Amino acid sequence: VQLEESGGGLVQAGGSLRLSCTASESFFSINVMAWYRQAPGKGREVDGRISAGETITYPDSEKGRFTISRDDAENRLYLDMNSLKPDDTAVYYCDASPYGDHEDYWGQGTPGTVAS
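Everything numeric in this text was worked out from a predicted model, so none of it was measured.

(A) Structural view of the packing of aromatic side chains. According to the stated counting rule, one finds one aromatic pair in the structure shown. Their ring planes at 65° and their centres at 4.9 Å tell us that Y36 and W106 sit as a pair that is edge-to-face. Of this pair, Y36 sits in strand β4 (residues 30-38) while W106 sits in strand β10 (residues 105-106), placing them 70 residues apart in sequence. On the accessibility criterion, Y36 (13% relative accessible area) is buried. Against the face of Y93 rests R44, its NZ or CZ located 3.8 Å from the ring centre. The ring of W106 has R44 lying over it, and the distance from NZ or CZ to the ring centre is 4.6 Å.

See below:
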């Protein structure tokens, strides 16, 4: 599975970004998809997960600010980020866990910078 993220950029604190992730294979073959972030000098952290049955989980720090969604017909995953803070500055990655596959697949990432 090849994944390509887009939608990152520079935004002022309090602003919004919408990230997109397009997959090379049908989403109907993918069980769980997720967004992760990696801030400078830090490890990768999850921002949200969504299953094929649309069970969604978020870390407590982002509940209410971020919304993850998937469009299986378009093979796209989205992350709507609102009320952004400078601490949200990171490279954002899309992750896919296909059915029957023990591997996770990652995109190249899209950088998001939040200016104070």
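More follows now that the structure is in view.
(B) Inspection of the state of the cysteines at higher detail. A complete count under the given rule lists one disulfide for this structure. A sulfur-sulfur separation of 2.1 Å characterises the disulfide bridge that pairs C21 with C94. The sign of the -75° torsion about the S-S bond sets the C21-C94 disulfide as left-handed. Of this pair, C21 sits in strand β3 (residues 17-23) while C94 sits in strand β9 (residues 90-98), and the two are 73 residues apart along the sequence.

(C) Seen up close, the environment of S83. Topologically, S83 is positioned in the loop between β8 (76-81) and β9. A C-alpha to C-alpha distance of 20 Å links S83 and Y93, two positions ten residues apart in sequence.

(D) Fine view of the pairing of strand β7 (residues 66-71). Because side chains alternate across β7, one face comprises the buried residues F66, I68 and R70, and the other comprises T67, S69 and D71, none of which is buried. Sheet topology note: the β7/β8 ladder contains six bridges and is antiparallel. From the neighbouring strand, R70 faces β8, where its bridge partner is L77. Hairpin connection between β7 and β8: a loop of four residues separates the two successive antiparallel strands, and N75 in this loop has a positive phi of roughly 55°.

(E) Inspection of the nonpolar core at higher detail. With 25 residues, the main nonpolar core has L3, M33, W35, L77, L79 and M81 as its most contacted residues. Taken together, the elements giving at least two residues each to this core come down to β3, β4, β7, β8 and β9.

(F) Geometry of the pairing of β4. Where β4 meets β9, eight bridges bridge the pair, whose relative direction is antiparallel. If you follow M33 over to β9, its bridge partner there is A96. Inspection of the sheet shows β4 paired to strand β5 (residues 44-51) by seven bridges, in the antiparallel sense. Following the sheet pairing, Y36 is matched in β5 by V46.

Definitions and limits used
Residues numbered from 1 in each chain as written. Predicted model: local features only at pLDDT ≥ 70, side-chain atom pairs only at ≥ 80, totals over all residues. Heavy atoms only, no water. Phe/Tyr/Trp six-rings, centres within 6.5 Å; stacked < 30°, edge-to-face > 60°. Helix = DSSP H or I, 4+ residues; strand = E, 2+ residues; numbered from the N terminus. Buried < 20%, exposed > 50% of the residue type's maximum accessible area, 1.4 Å probe, protein only. Lys NZ or Arg CZ within 6 Å of the ring centre and 35° of its normal. Disulfide = S-S within 2.5 Å. Pairing = 2+ DSSP bridges. Core = buried A, V, L, I, M, F, W, Y, C linked by side-chain atoms within 4.5 Å.

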